Amino acid sequence: DGDFPEVLILAGRRQGKENVELNGEYRLGKFPALSSGRHWYRKTGGATIIRYHTSWSAWLIDNEGNLEGDSCNAYGKVEADVAGDEPMFPQDHLMWRVWDSRRAQHVEDKHVFITAAPAFLQVVQDCSLSLQRPHWSDLIGEYALVGRHRGRVSYQQVSNQDGKEGISHVIRWCPIRDIWVIDLKFRDDLAGTAYASRGESSHPGELGGEWKAFDAATGKFRTDRSLRVTDAPLSVEVFARRRHPLSMNGSYLLCGLWEGQPAYLKADDSGHAIRFQSGHWVIDFAGLRNAEDVVAWLPAIAPHGRETGTRFRGLRLPWLWPSAIARAPGLAHWHVYEHSAKTYVRDYTVQVAAVPHRIVVRGRAIGSSSDELNGEYFLSKVIQGKPSYKKRGSVHTIRYFAEEDSWVIDLVNGTADGGEVANAFAKSYGADFPVEELRWQVFDANTKAYSTDTDVIAEASRYKKPSKPSLAKAEQISYFCERCSWSEPPDIGSEVLQDFCPTCGSKEVVIIRQLHDQKFVVRMEGQNILDVSAEVQGGAGQGPGADHGGRRRGRAGAEGRQVVADAGDERP
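Being a predicted model, the structure only gives us computed values, none of them experimental. Along each chain, the written sequence defines residue order, and numbers are assigned to residues from 1. With the structure being a predicted model, the display of local features is reserved for residues of pLDDT at least 70 and the display and counting of side-chain atom pairs for 80 or more, all residues being used for whole-chain, interface and lining totals. The side-chain values count all of the structure's non-hydrogen atoms but skip hydrogen atoms and water molecules.

Topic: the packing of aromatic side chains
- Only Phe, Tyr and Trp rings are paired, with Trp represented by its six-membered ring, and only when their centres lie within 6.5 Å; those with planes under 30 degrees apart are stacked, over 60 edge-to-face, the remainder tilted. Taken as a whole, this structure holds nine aromatic pairs when the rule is applied.
- Ring centres of F214 and F221 lie 5.4 Å apart, and the angle between their planes is 65°; on these two criteria the pair is classed as edge-to-face.
- Judged by relative accessible area, F214 falls into the partly exposed class, the value being 36%.
- Three exposure classes are used, based on accessible area relative to the maximum for each residue type with a 1.4 Å probe and protein chains only: buried under 20%, partly exposed in between, and exposed over 50%. Looking at F221, the relative accessible area reads 31%, which means it is partly exposed.
- Ring centres 5.3 Å apart and planes at 70° place the aromatic pair Y337 and Y344 in the edge-to-face group.

Observations regarding the confidence of the model for the chain
- pLDDT expresses, on a scale from 0 to 100, how confident the predictor is about each individual residue. Averaged over every residue, the pLDDT of the chain is 76; residues scoring 70 or more account for 70%.
- Each helix corresponds to a stretch of at least 4 residues labelled H or I by DSSP, and each strand to a stretch of at least 2 residues labelled E; elements are numbered beginning at the N terminus. For the chain, the element scoring lowest by mean pLDDT is strand 45 (residues 563-565), at 27; strand 7 (residues 96-100) scores highest, at 96.
- Contacts between residues were defined by any pair of non-hydrogen atoms, one from each residue, lying within 4.5 Å. Segment residues 302-331: pLDDT under 50, and 76 contacts once partners within four positions in sequence are set aside and those in other chains are kept.

A look at the sheet that holds strand 11 (residues 141-149)
- On the basis of which strands lie adjacent, the open sheet formed by nine strands has the order 17-16-15-14-13-12-11-10-18 and antiparallel pairing. Each edge of the open sheet is held by one strand with a lone partner, namely strand 17 (220-224) and strand 18 (227-230). Taken pair by pair, the neighbouring strands of this sheet meet at an average axis angle of 30°, ignoring direction. The pairing criterion for strands is at least two bridges between them, as found by DSSP. Every axis in this analysis is a line fitted to C-alpha atoms, fitted for helices over the stretch in contact. Angles between the N-to-C directions lie between 0 and 180 degrees.

So, the nonpolar core
- Grouping buried Ala, Val, Leu, Ile, Met, Phe, Trp, Tyr and Cys residues that are joined through side-chain atoms within 4.5 Å yields what is termed a nonpolar core. Grouped together as the largest cluster of nonpolar side chains are 25 residues, with contacts concentrated most on V361, L373, Y377, Y389, I398, I409 and W440.
- With residues up to four places along the chain from it excluded, the contact list for I409 reads V361, L373, Y377, T397, I398, A422, N423, A424 and W440.

Thoughts on the pattern of salt bridges
- A pair is scored as a salt bridge if a Lys or Arg side-chain nitrogen falls within 4 Å of a carboxyl oxygen belonging to Asp or Glu. Counting across every chain of the model gives 21 salt bridges.
- We note a salt bridge from E338 to R243, for which the minimum N-O separation is 2.6 Å. Of this pair, E338 sits in strand 27 (residues 334-338) while R243 sits in the loop between strand 19 (235-239) and strand 20 (250-258); the two residues are 95 residues apart in sequence, bridging distant segments of the chain.
- The class for R243 is partly exposed, based on a relative accessible area of 31%.
- Here D432 ties to K386 by a salt bridge, and the two come within 3.8 Å at their closest N and O atoms. Separated by 46 residues along the polypeptide, D432 in the loop between strand 35 (424-427) and strand 36 (441-444) and K386 in strand 32 (residues 386-390) bring together distant segments of the chain.
- You can call D432 buried: its relative accessible area is 4%.
- Its relative accessible area of 8% is what places K386 among the buried residues.

As structure tokens, then:
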């Protein structure tokens with residue numbers, strides 16, 4: 001299957017038109033090729049199929065998911081003289097006809113196209129080179145696939161490197177010289193900010209050559225080795241680390257390239273980095289540098305010569321998609337430095353994946369059965385080969401159930417593998433995480449049965465760098481050992497309590513959790529809370545009920561784990 005693209009993007013059907021839901025990502029079908037000898041594709045999270053019809057010599061799109069038959073929502077006819085040599089998957093030159101109920105026929109839509117090019121590209125600089133150009137700040141950023149220009153894919157900038165939206169750069173093809181051009185608008189002339197020879201590339205992210213950028217000082221285009229276009233994801237998540245150092249967990253944003261591979265910096269501005277070095281992927285708390293004293297490492301080539309990271313259009317990346325984790329358990333594991341052992345220890349739970357850090361479920365009517373499933377779920381750990389998401393302060397969990405190839409919302413078992421027990425479920429259809437296309441069956445306690453609720457939607461949210469980042473609004477967690485003075489720096493948004501000291505083994509660990517201007521100090525002994533106090537930042541006597549220098553007392557709750565400060569609703 002190496003000759004077939006794993007993913008196709010269907011785009012161009014305009015909003016407001018019938019069958020606009022055909023737009024989206026399609027993945028190569030799991031089952032063998034059809035009788036035509038060609039493979040088929042299914043929309044991620046949905047039933048819609050793209051398949052080949054031999055008698056018609058055409059590619060069909062069927063939203064009912066039928067692998068046989070003549071009915072379809074759209075089709076692209078293959079020219080008679082090339083039908084025998086037509087590639088084994090739909091090409092982007094096909095002219096598509098889409099069903100129009102008003103006219104009771106399929107109507108040509110010149111805007112619709114299918115491509116193996118990625119939905120997003122990133123314009124970056126090579127961080128390992130000293131000749132970075134600060135004035136490229138508006139040029140660098142994320143670009144989205146918007147259509148075709150002169151028969152080839154084109155991209156529109158959606159944000160720059162500072163997270164600012166509305167920047168108007170585009171990437172287009174110039175047929176006059178057969179080059180890719182970064183420009184301020186779509187046009188046909190040679191003007192632009194930078195350009196590169198197209199070569200054999202089908203989209204700008206495949207380029208291996210150098211870009212030439214306009215130099216305002218000389219009025220000429222000059223080779224700029226620091227400028228690159230890549231289809232690496234804008235963000236990745238490090239998650240499921242359950243002991244020191246917890247601060248390696250979190251969202252990491254693409255900042256450029258390092259040694260020719262994608263490099264990421266943690267979104268909390270801590271300086272933690274994921275980079276490539278000497279054949280290994282590393283997580284380094286000291287940032288982008290060349291050094292051996294790193295926090296964690298992952299070999300790019302595993303034993304027996306198998307690659308550990310996903311091969312992503314020529315780039316060897318430090319993560320595995322959840323589907324790859326399921327296919328190759330135990331193949332790739334991060335080695336994390338542990339102070340107590342004074343060496344690197346393999347951690348079978350840590351994952352680095354290009355998945356959303358948050359899922360928002362909404363739409364279940366308030367007051368109806370199972371309305372508790374509404375809310376925000378945050379990335380937790382891998383269950384049955386795919387990421388799970390959990391509400392903070394609750395056992396409510398979204399997880400994958402492999403036996404039924406379904407995503408389930410479980411309000412009972414938490415992040416434990418609860419099997420088929422679910423308050424809601426949706427057929428996965430190849431989705432590596434919950435997506436909006438999923439159709440949820442929700443359990444009704446009154447009827448004791450599941451029924452489809454089309455209002456329930458699971459929205460995936462990837463981390464995006466805010467235009468003006470503010471850490472004051474994020475919860476910060478730090479640790480301090482009263483016996484040996486070991487400390488752990490603030491860890492943004494962690495849900496895991498460090499209940500012992502990794503240096504001396506003491507269970508007398510102080511946990512300091514700060515949210516906005518409120519600081520909670522929790523004294524633990526193992527899994528038990530001994531004492532909790534709340535401090536108002538800024539001095540004594542601030543806020544109602546303050547005493548003794550602004551300190552307020554809380555109490556230990558059920559099983560010594562749940563604590564509510566008397567000062568308010570925040571839970572340390």
